[in-house]
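Secondary and tertiary structure notes
As a plain string of letters, each chain reads:
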Amino acid sequence: MSNEAKLELDGKVFTLPTITGSEQERAVDVSSLRANTNFITLDDGYGNTGSCVSKVTFIDGDKGILRYRGIPIEELAEKSSFIETAYLLIYGTLPTRPQLKQFSDTIAEHQFLHEDMKYHFQGFPAGSHPMAILSSMINAASCFDEGLMNWHEGKARFDTYVAKLISQVRTIAAYSHRQSKGLPLMYPKQSLKYTPNFLHMLFSMPYEDLEIKPEVAKALDLIFLLHADHEQNCSTSTVRMVASSQANLYASCSAGVCALWGPLHGGANQAVIEMLEQIHREGDDGSKFILAAKDKTSGKKLMGFGHRVYKNHDPRAKIIKKACDDVLSKLNINDPLLDIAKKLEEAALKDSYFVERKLYPNVDFYSGIIMRAIGIPVEMFTVIFAIGRMPGWIANYKEIMEEPKTRIYRPRQIYTGRTENHYVPLDERK
Ligand code: CMC
């Protein structure tokens, strides 16, 4: 197998090195192209561009494979917990028992926000979207930790910042819900584990603690775990982009929250439920909506369908569909939206439009139905995704900072605007 590629430009042949990953993925390394040829590569949407080499997560989209640090997602979903998986992603191996205890203890130790942060929450009007509050407050939290501001100065305390961020994103997320609904803020409880504690902060009242059902906590923990990383997606690439300028961990992850918010990325879980509710309200069984989703002029898409990388199936969607059936039956819930979702999936998987374009349900198609069943308000769905994705963002931040030589991310462009022209005084303009 050749480890060189030849490229002919303007009659001259240039040799470019190729690089092969540990799963035999191959790439042409074009980093010297511009210096040697004055050409750049153009790849709208980065569908063919590897922006980095990474050891964190492997995806084979044609085979429907997802592995965190080499471990299949199916095994982690069955045997691990969100916190253990977070450790695996960030530190590269499964923790030993003492390591896991120390990691969990540090997370528990840092779950309280600085009291002064409460005043920041009060500045947001009721009805604010919790994703806006989440990104602002993660960034604001960096002001309470001076050492964070510079990677080299804060390096020795990095493990504490990691645990703090994983812990506090959950407290901030719960507070953003309470603030947007005008409810009193609930402090975390030292006695509760990560996911039950989040449910407590979301739903308990000062006069009555939430009764936490184990099946609900388990389902939410699974959702966090399934979202924990997904290689170079839009938000993770954003985190790496911001980190490449040597911005601090919290600022980089807060940017990740903003990138996640859009409906084509993490916001799809909210958009799926809104789509299913609309179908239900209009008395459609899904067939009219499928017609609209195929019509490019309708402005509609089948939300929760399709993926840039998966062209066979999304392994997370399989796991979540089963979990959805289990949770709804355990909680004895009959949700008409689940029936609509199943009909839509069945119809789309037989429809040549979706088959030809290799569009399958993604992780967001069923996750919203579980979250609805366990009482999570729809505007919090993307926030749940953000809590889950935090370990992946941190792992990628750590990877980029630990590289001996990282250049600032700075893509090029092909300019198609006006060529040189000159300033016209205001009175002479037509
Ligand atoms: N409904 C209808 N048509 C679709 C859909 C859809 N959900 N997704 C893609 N297509 C069509 C698209 O219009 C295009 O058609 P044509 O070739 O005729 O122009 C073709 O399929 C290829 O799509 P694309 O937009 O070029 O694909 P992409 O890789 O740029 O986008 C995607 C991937 C996930 C943004 C897109 O499939 C989509 O918008 N899906 C709905 C939103 C969604 O569920 N997002 C969550 C993704 S999973 C969670 C995460 O990791 O973020």
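Residues numbered from 1 in each chain as written. Predicted model: local features only at pLDDT ≥ 70, side-chain atom pairs only at ≥ 80, totals over all residues. Heavy atoms only, no water.

Looking now at helix α9 (residues 194-203). α9 sits mainly inside the fold: 9 of its 10 residues count as buried. Looking at α9, one finds that the buried residues are Y194, T195, P196, N197, F198, L199, H200, M201 and L202. Here the buried face of α9 lies against α3 (82-91), α4 (97-109), α8 (158-180), α10 (214-226) and α19 (381-402). (Buried < 20%, exposed > 50% of the residue type's maximum accessible area, 1.4 Å probe, protein only. Helix = DSSP H or I, 4+ residues; strand = E, 2+ residues; numbered from the N terminus. Contact = heavy atoms within 4.5 Å.)

When its domains are assigned, the protein resolves into domain 1 (4-50), domain 2 (73-260 + 397-402) and domain 3 (268-315 + 326-373). Each of domain 2 and domain 3 has a C-alpha centre, and these two points are 29 Å apart. Taken residue by residue, the interface counts 10 residues in domain 2 and 12 residues in domain 3. Around 880 Å² of area is buried between domain 2 and domain 3 when both sides are counted, 72% of it from carbon and sulfur atoms. Applying the counting criterion to the domain 2 and domain 3 interface returns 0 salt bridges. Linking domain 2 to domain 3 there are 2 residue pairs in polar contact (both at pLDDT 80 or more). For the side of domain 2 that touches domain 3, the elements supplying multiple residues, two or more each, are α2 (73-79) and α10. Among the elements that make up the side of domain 2 that touches domain 3, the one with the highest residue count is α10 (4 residues). Each residue belonging to the side of domain 2 that touches domain 3 can be placed in one class, and the counts come to 4 nonpolar, 3 polar and 3 charged. (Domains from an automatic or database assignment. Buried area = accessible area lost by both parts, 1.4 Å probe. Salt bridge = Lys/Arg side-chain N within 4 Å of Asp/Glu carboxyl O. Polar contact = N/O pair within 3.5 Å; in protein donor to acceptor, adjacent residues only side chain to side chain. Nonpolar A, V, L, I, M, F, W, Y, C, P; charged D, E, K, R; others polar.)

Applying the stated criterion to the full structure yields 18 salt bridges. Salt-bridge contacts for K294 lead to D351; the nearest nitrogen and oxygen are separated by 2.8 Å. You can see K294 sitting in helix α14 (residues 287-294) and its partner D351 sitting in the loop between α16 (336-350) and α17 (352-356), a full 57 residues away along the chain. Overall, the relative accessible area of 27% leaves K294 in the partly exposed class. Between R316 and D314 there is a salt bridge, with its nearest N and O atoms 2.9 Å apart. Using a relative accessible area of 2% as the deciding quantity, one classes R316 as buried. Judged by its relative accessible area of 3%, D314 is buried.

On to the packing of helix α6 (residues 130-141) against α19. In the contact formed by α6 and α19, the axes pass within 9 Å of each other and the chain directions differ by 35 degrees. Seen along the crossing, α6 lies across α19 with a hand that is right-handed. Along its contact with α6, which presents P130, M131, L134 and I138, the element α19 presents T382, V383, A386 and M390. (Axes fitted to C-alpha atoms, helices over the stretch in contact; angles between N-to-C directions. Left-handed = near helix turned anticlockwise from the far one by under 90°.)

Our focus in this paragraph is the sheet that holds strand β5 (residues 65-68). What the 3 strands build is an open sheet, ordered β4-β5-β6; its pairing is antiparallel. This sheet does not close on itself; its edge strands, each paired only once, are β4 (57-60) and β6 (71-72). (Pairing = 2+ DSSP bridges.)

Glancing now at the site of the ligand. The immediate surroundings of the ligand are formed by 19 residues, with H265, K301, L302, R308 and Y353 found nearest. In this structure, a nitrogen atom belonging to the ligand sits 3.0 Å away from a main-chain N or O atom of L264. The contact in question runs from a nitrogen atom of the ligand to an N or O atom on the backbone of F305, over 2.9 Å. Among the residues forming the shell around the ligand, the class breakdown is 9 nonpolar, 5 polar and 5 charged. (Near = heavy atom within 4 Å.)

Glancing now at α8. Look at α8: 32 Å from first C-alpha to last across 23 residues, which is about the 33 Å you get at 1.5 Å a residue. Across the 23 residues of α8, 22 count as buried, placing the element largely inside the fold. Positive backbone phi, approximately 70 degrees, marks G182, located one or two places after α8. (Expected span 1.5 Å × (residues − 1).)

Further remarks concern the side chain of S235. By secondary structure assignment, the location of S235 is in helix α11 (residues 234-243). At 2.9 Å, the side chain of S235 forms a polar contact with the side chain of H265. Within polar-contact distance, the side chain of S235 engages the side chain of W393 at 3.2 Å.

Evaluated as defined, the whole model comprises 14 aromatic pairs. Between Y87 and Y91 the ring centres are 4.8 Å apart and the planes differ by 45 degrees, which places this aromatic pair in the tilted class. Residue Y87 and its partner Y91 are both found in helix α3; the two are separated by 4 residues, about one turn of the helix. On the accessibility criterion, Y87 (10% relative accessible area) is buried. Each ring, one from F305 and one from F365, has its centre 5.2 Å from the other, and the planes form 85 degrees; the classification is edge-to-face. Within this pair, whereas F305 is found in the loop between α14 and α15 (315-330), its partner F365 is found in helix α18 (residues 364-373), the two being separated by 60 residues in sequence. No difference in accessibility class separates F305 from F365, as the two residues are buried. Three or more aromatic residues joined by ring pairs form one cluster here, namely F305, Y353, F354, F365 and Y366. Above the plane of the ring of Y353 lies R357, whose end atom (NZ or CZ) is 3.9 Å from the centre. (Phe/Tyr/Trp six-rings, centres within 6.5 Å; stacked < 30°, edge-to-face > 60°. Lys NZ or Arg CZ within 6 Å of the ring centre and 35° of its normal.)

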